[in-house]
Amino acid sequence: MTAWERFLETFFKPELMVQYWPDILEGVVVTVQIAAAVVVTGLALGLMLASVRAYQVRFLNLFIVIFVDVFRALPPLVAILLIYFGLPNIDIVLPSFAVLWLVLSFVLAAFAEEIFWAGITSTPKGQWEAARSTGLTFSQTLLSVVLPQAIRLGIPPLTNRTIAITKNTALGTVIGVSEILSQATSAQAFTGNATPLMMGALAYIILFIPIVAVGRWIETRFAWRRA
Amino acid sequence: MPILTISGLRKSFGTTEVLKGIDLSVSNRELVFIIGPSGSGKSTLLRCINRLEEPTGGGIAFDGVEVTDRSTDLNALRRSMGMVFQSFNLYPHMTALANVTLALRKVLKKSRDEADAIGREALAKVGLSDKTASYPSELSGGQQQRVAIARALALDPKIVLFDEPTSALDPELVGSVLAVMRDLKAGGMTMLVVSHELRFARDAADRVIFMDQGHIVEEGPPSAIFNEPREARTRAFVAGLLR
Ligand SMILES: Nc1ncnc2c1ncn2[C@@H]1O[C@H](COP(=O)(O)OP(=O)(O)OP(=O)(O)O)[C@@H](O)[C@H]1O
Ligand SMILES: [Mg+2]
């Protein structure tokens, strides 16, 4: 067998590709579902925390800052293992996909909160004053004047961060979430061949290249123009 | 009968007192001009009137309401006082029309159609009927400031406070904003204007106030303040402006 044939045999074995593509596809569906859920809940929670922080209520701010710092400091894998294997000891049993979804949402929320908060604080004071001088309340000003600007400002840095965090869905494999990597590794263990892993890698690339491209488009589209 | 009566107004930032007992009343339809050196407290005075700053002492009565009372509905008060800023402070993510109608919709709860109609009328008043759909970044400084004036006017205020409305403008754009202010004056609007546009003050002001170091040093008709000031400080400041 030539080296080239050995290479093909190891990474692109046709029979295995035919046999395992339904499993990989199943993994893709799970990955997409969890990633989409993480993006929605993570960004929404981050925006909510940043908005609450604007009200400057001391104990709430303390809570938010601690939450944000913890989830930015902690490697997501550690949080996933801690929650998945720890909580059952106090009789809270969460399904593995829920643990993955929660942890990644919290991590994304932590980063999103910081980015939205930076946007809120960098909105010029004059914006607040103009709105308040026309009789808008604090909340109305925050909602109609400040947040739209803060969100726009936050979109470019958030795009990359969001993509990076959704890729962490692969961590689900350590707690048995049947996403792409988990499907691929179990097939690899079963067959002793790397072809399923290569299929998993290809699935990630096919899945994420459009997302990266959309991210780049969003970044340029929302590049802030000012007077 | 004055519409605005300020008595013994004081304001401190920490330990530095910026307003040291200001007494001032403004009558209906009057245009009162405020001049004075940088740091004399002119902006702070305007900002205390609609309570963007909390006064530390004294009283402000506006249209029968005690502004500094704890029970005063600030947001209701503020919509009857327009404010125009040196730096325009337009909302950059909204069109000119949306800038003007935001408070109509959120504060006065008008429908979109009703708010748009009022907004278009206000923009027409400042000569910007053709710019309703433009974003601030697409407008010149003079146009932006006129949108800001329209935003204040749309709420049908009883007084408009101007804080150096033309200081951030290129000289060739100042005229368009002053023209709008002249129209307002002719229409009977009550105005309190911090500005150093002397020609405008001579033509349009009913009264000129000279402030220095947190005090009102001298006040009178424009001719008196500019031509024969009584106080040495006023004389020195006015001489500097004329030079
Ligand atoms: N938020 C603040 N905190 C502390 N000091 C302030 C604050 N706002 C104003 N001051 C001080 O109060 C004084 C008066 O300021 P103000 O802006 O009212 O002056 P002004 O007459 O409007 O000056 P200018 O012509 O430069 O606009 C200044 O010494 C300024 O430094
Ligand atoms: Mg000032």
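Described in the following lines is the structure provided in the data block. (Residues numbered from 1 in each chain as written. Chains lettered and ligands numbered in written order. Predicted model: local features only at pLDDT ≥ 70, side-chain atom pairs only at ≥ 80, totals over all residues. Heavy atoms only, no water.)

## Examining the site of ligand 1
All names here are of chain B. The environment of ligand 1 is formed by Phe13, Val18, Pro37, Ser38, Gly39, Ser40, Gly41, Lys42, Ser43, Thr44 and Glu164. Residue lysine 42 places a side-chain N or O atom 2.7 Å away from an oxygen atom belonging to ligand 1. Between ligand 1 and the protein, one listed contact pairs an oxygen atom with a side-chain N or O atom of serine 43 at 2.7 Å. Within the complex, the protein chains bury 57% of what would otherwise be the 630 Å² of accessible surface of ligand 1. Of the residues that constitute the shell around ligand 1, the class distribution is three nonpolar, six polar and two charged. (Near = heavy atom within 4 Å. Polar contact = N/O pair within 3.5 Å; in protein donor to acceptor, adjacent residues only side chain to side chain. Areas by Shrake-Rupley, 256 points an atom, 1.4 Å probe, with all protein chains shown as cover. Nonpolar A, V, L, I, M, F, W, Y, C, P; charged D, E, K, R; others polar.)

## Describing the sheet that holds strand 2 (residues 16-27) of chain B
What holds strands together in a sheet is hydrogen bonding between their backbones, with the strands either parallel or antiparallel. Residue and element names in this part refer to chain B. Taken in spatial order, the four strands make up an open sheet running 2-1-4-5, and their pairing is antiparallel. In this open sheet, the two strands that pair with only one neighbour each are strand 2 and strand 5 (65-66). Where strand 1 (residues 2-13) meets strand 2, nine bridges bridge the pair, whose relative direction is antiparallel. The residue of strand 2 that forms the bridge with leucine 9 is isoleucine 22. Across the sheet, helix 1 (residues 42-49) is in contact with strand 1, strand 2 and strand 4 (57-62); its angle to strand 1 comes to roughly 120 degrees. (Pairing = 2+ DSSP bridges. Helix = DSSP H or I, 4+ residues; strand = E, 2+ residues; numbered from the N terminus. Contact = heavy atoms within 4.5 Å. Axes fitted to C-alpha atoms, helices over the stretch in contact; angles between N-to-C directions.)

## Some thoughts on helix 4 (residues 112-125) of chain B
Residues and elements named next belong to chain B. Look at helix 4: 20 Å from first C-alpha to last across 14 residues, which is about the 20 Å you get at 1.5 Å a residue. Within helix 4 the residues assigned to the buried category are Ala115, Asp116, Gly119, Ala122 and Leu123. Buried positions in helix 4, seen along its axis, are confined to an arc of 125 degrees and lie on one side of it. Projecting away from the buried face of helix 4 at angles above 90 degrees are the exposed residues Asp113, Glu121 and Lys125. Buried residues in helix 4 make contact with helix 3 (96-106) and helix 5 (141-153). (Expected span 1.5 Å × (residues − 1). Buried < 20%, exposed > 50% of the residue type's maximum accessible area, 1.4 Å probe, protein only. Arc of directions from axis to C-beta.)

## As for the pattern of salt bridges
Considering all chains together, one arrives at 17 salt bridges over all chains under this definition. Here Glu218(B) ties to Arg230(B) by a salt bridge, and the two come within 3.9 Å at their closest N and O atoms. Here the residue Glu218(B) occupies a position in strand 10 (residues 215-220), and Arg230(B) occupies one in the loop between helix 8 (222-227) and helix 9 (232-242), the gap between them amounting to twelve residues. Classification of Arg230(B) by relative accessible area gives exposed; the value is 60%. Each of Arg53(A), Arg72(A), Glu113(A) and Glu114(A) takes part in salt bridges that share partners, so that together they form one network. (Salt bridge = Lys/Arg side-chain N within 4 Å of Asp/Glu carboxyl O.)

## A few points about the sheet that holds strand 8 (residues 190-194) of chain B
Residue and element names in this part refer to chain B. On the basis of which strands lie adjacent, the open sheet formed by six strands has the order 6-7-8-3-9-10 and mixed pairing. Two strands in the sheet have a free side with no partner beyond their single neighbour: strand 6 (81-84) and strand 10. Here the average twist between neighbouring strands, direction ignored, is 20 degrees. Note: strand 7 (residues 159-163) against strand 8, five bridges, orientation parallel. Directly across from leucine 161, in strand 8, lies its bridge partner leucine 192. Where helix 1 meets the sheet, it contacts strand 3 (31-35), strand 6, strand 7, strand 8 and strand 9 (207-212), and its direction lies at approximately 150 degrees from that of strand 7.

## Some thoughts on the packing of helix 3 of chain B against helix 4 of chain B
All names here are of chain B. The interhelical angle for the contact between helix 3 and helix 4, taken along N-to-C directions, is 125 degrees, at an axis separation of 9 Å. Between helix 3 and helix 4, the angle falls in the class oblique. Both helix 3 and helix 4 take part in a crossing whose hand is right-handed. Packed against helix 3, whose contacting residues are Ala96, Leu97, Val100, Thr101, Leu104 and Arg105, the element helix 4 presents Arg112, Ala115, Asp116, Ile118, Gly119, Arg120, Ala122 and Leu123 at the interface. Taken together, the residues of the contact of helix 3 with helix 4 break down into eight nonpolar, two polar and four charged. (Parallel < 35°, antiparallel > 145°, perpendicular 65-115°, else oblique. Left-handed = near helix turned anticlockwise from the far one by under 90°.)

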